[in-house]
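What follows is each chain in one-letter form.
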Amino acid sequence: MLTMMMSIAHRITGFGNAIGFALLTWWLVAISIGPNAYATLNAFFASFIGRLLLFFFTWSLMHHMIGGIRHLIWDTGTGLDKVSIEVFAWLTIISSIVLTVLIWIAGYALMGRF
Amino acid sequence: MATPLKRVRGLGAAHRGTETFWRQRVTAIANVPLVIFLVLSIVSHIGASYAQVKAYLAQPIVAVLMVALILSAAIHMRIGLKEIIEDYVHSEYCKVAALLLVTFFAGVVGIACTLAILKISLGS
């Protein structure tokens, strides 16, 4: 059950990262266009919906990255027993949440730097 | 004639063999440090001015890593989304349309990001 959920989660977060890629494109294109385009983008990302979207993107990226490392380990033929799979699944869930929260704490802490 | 031997010689149903499988792993490995780089880049520039962000992205090393991330992620994304579509979309027309959409999306996003980085780093 958990294993099946993790497989689906890897696909959902992969899809989520595709939406995040569109946001990254907007960010880079806005910077290349000029200060006005960048200000519009900043206003959106500073809004509640913008922050929520970025928060979920952060988690999606972390979950997919850690889950991906799990897949790469499996490709070597190790960690395929039942216990390892369960441990990997929980490690992915917990560490992706912890990393996401840490990234956001760091972001808010560094915000006053400029 | 498609003999069983010919079929086995690394081609399979999509006629691409293990090439796609391998490419997905190569880009996955590349994406790990590149995504960490992206996250650090963004987190360290929250609240920064337009000029500061632009100056950061214009640095050659940053530009190279950004383009590397964009290309690697675009390839990885296209393969991953293609796999999802092939597993869940069964109507032939919908499948072809969705696969085209995914390929175009990956292409447009990849080209737009790369051009943006080039414009920022070559400066005007």
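What counts, and at which threshold
Residues numbered from 1 in each chain as written. Chains lettered and ligands numbered in written order. Predicted model: local features only at pLDDT ≥ 70, side-chain atom pairs only at ≥ 80, totals over all residues. Helix = DSSP H or I, 4+ residues; strand = E, 2+ residues; numbered from the N terminus. Buried ≥ 20, exposed ≤ 12 C-beta atoms within 10 Å, placed from the backbone. Rg over C-alpha atoms; globule rule 2.2 N^0.38 Å. Contact = placed C-beta atoms within 7 Å. Axes fitted to C-alpha atoms, helices over the stretch in contact; angles between N-to-C directions. Parallel < 35°, antiparallel > 145°, perpendicular 65-115°, else oblique. Left-handed = near helix turned anticlockwise from the far one by under 90°. pLDDT = per-residue confidence, 0-100. Nonpolar A, V, L, I, M, F, W, Y, C, P; charged D, E, K, R; others polar. Core = buried A, V, L, I, M, F, W, Y, C linked by C-beta atoms within 7 Å.

Visitor: Would you explain the overall build of chain B in this entry?
Guide: Scanning chain B from N- to C-terminus turns up 5 helices and 0 strands. Counting the 124 residues in chain B, one finds 18% classified as buried.

Visitor: What's the story with the overall build of chain A in this structure? I'm lost.
Guide: For chain A, the count of helices and strands is 4 helices and 0 strands. When the helices and strands of chain A are listed from N to C terminus, the series reads α-α-α-α. The globule rule puts the C-alpha radius of gyration for 114 residues at 13 Å, and the 17 Å found for chain A is more than 25% above it. For the C-alpha atoms alone, the extent of chain A along its principal axes is close to 55 × 25 × 25 Å. Residues classed as buried in chain A amount to 23% of the 114 residues present. Looking at chain A alone, contacts between residues at least 24 apart form 74% of all its contacts between residues at least 6 apart.

Visitor: Looking at this structure, I do not really get the packing of helix H3 (residues 48–75) of chain A against helix H2 (residues 19–43) of chain B. What am I missing?
Guide: Relative orientation and spacing of two packed helices are given, respectively, by the angle between their axes and the distance between those axes. Contact geometry for H3(A) and H2(B): axes closest at 10 Å, N-to-C directions at 135°. Judged by the angle between their axes, H3(A) and H2(B) are oblique. Here H3(A) runs over H2(B); the crossing is left-handed. Contacts between H3(A) and H2(B) involve A:Leu61, A:Met65, A:Gly68, A:Ile69, A:Leu72 and A:Asp75 on the former and, on the latter, B:Arg25, B:Ala28, B:Ile29, B:Val32 and B:Val35.

Visitor: Sorry, what's going on with the confidence of the model for chain B here?
Guide: Parts of the prediction with low pLDDT should not have their coordinates interpreted in detail. Averaged over chain B, the pLDDT score is 91; the fraction of residues at 70 or greater is 85%. Listed scores for the predicted complex are pTM 0.91 and ipTM 0.95.

Visitor: Would you explain the packing of H2(B) against helix H4 (residues 60–88) of chain B in this entry?
Guide: Residues and elements named next belong to chain B. Interhelical geometry of H2 versus H4 gives an angle of 140° and a closest axis separation of 8 Å. On the basis of the axis angle, H2 is oblique to H4. The chirality of how H2 crosses H4 is left-handed. Taken together, the residues of H4 that come into contact with H2 (itself represented by Thr20, Arg23, Gln24, Thr27, Ala28, Ala30, Asn31, Leu34, Phe37 and Leu38) are Leu65, Ala68, Leu69, Ser72, Ala73, Ile75, His76 and Ile79. By residue class, the composition of the contact of H2 with H4 is 11 nonpolar, 6 polar and 1 charged.

Visitor: Where do I start with the environment of B:Ile61 in this structure?
Guide: Residues and elements named next belong to chain B. Position of Ile61 among the secondary structure elements: in helix H4. With 8 C-beta atoms counted inside 10 Å, the residue Ile61 sits in the exposed group. Through-space distance from the C-alpha of Ile61 to that of Glu86 is 38 Å; in sequence the pair is 25 residues apart.

Visitor: Whenever I open this one, the interface of chain A and chain B confuses me. Can you help?
Guide: You'll often see interface size given as the accessible area lost when the parts meet. Of the residues lining the interface, 27 residues belong to chain A; the matching set on chain B comes to 29 residues. Of the residues that constitute the side of chain A that touches chain B, the class distribution is 19 nonpolar, 5 polar and 3 charged.

Visitor: What should I look at first to understand the environment of B:Leu71 in this one?
Guide: Structurally, the position occupied by B:Leu71 is in helix H4. For the pair formed by B:Leu71 and B:Val39, sequence separation is 32 residues and the distance between their alpha carbons is 17 Å.

Visitor: Teacher, can you tell me more about the nonpolar core here?
Guide: In globular proteins that are soluble, nonpolar side chains generally tend to be buried together. Residues A:Leu28, A:Ile31, B:Met77, B:Cys113, B:Ala116 and B:Ile117 are the most contacted members of the largest nonpolar core, which totals 23 residues. Put simply, the parts of the chain that give this core at least two residues each are helix H1 (2–33) of chain A together with helix H3 (50–58), H4 and helix H5 (92–122) of chain B. Ignoring sequence-local partners within four residues, the contact set of B:Cys113 consists of A:Leu24, A:Thr25, A:Leu28 and B:Ile70.

Visitor: Please explain the confidence of the model for chain A as it appears in this structure.
Guide: Per-residue confidence for chain A gives a mean pLDDT of 95, with 100% of residues at or over 70. Model confidence for chain A, summarised as mean pLDDT per element, is weakest for helix H4 (residues 82–111) of chain A at 95 and strongest for H3(A) at 97.

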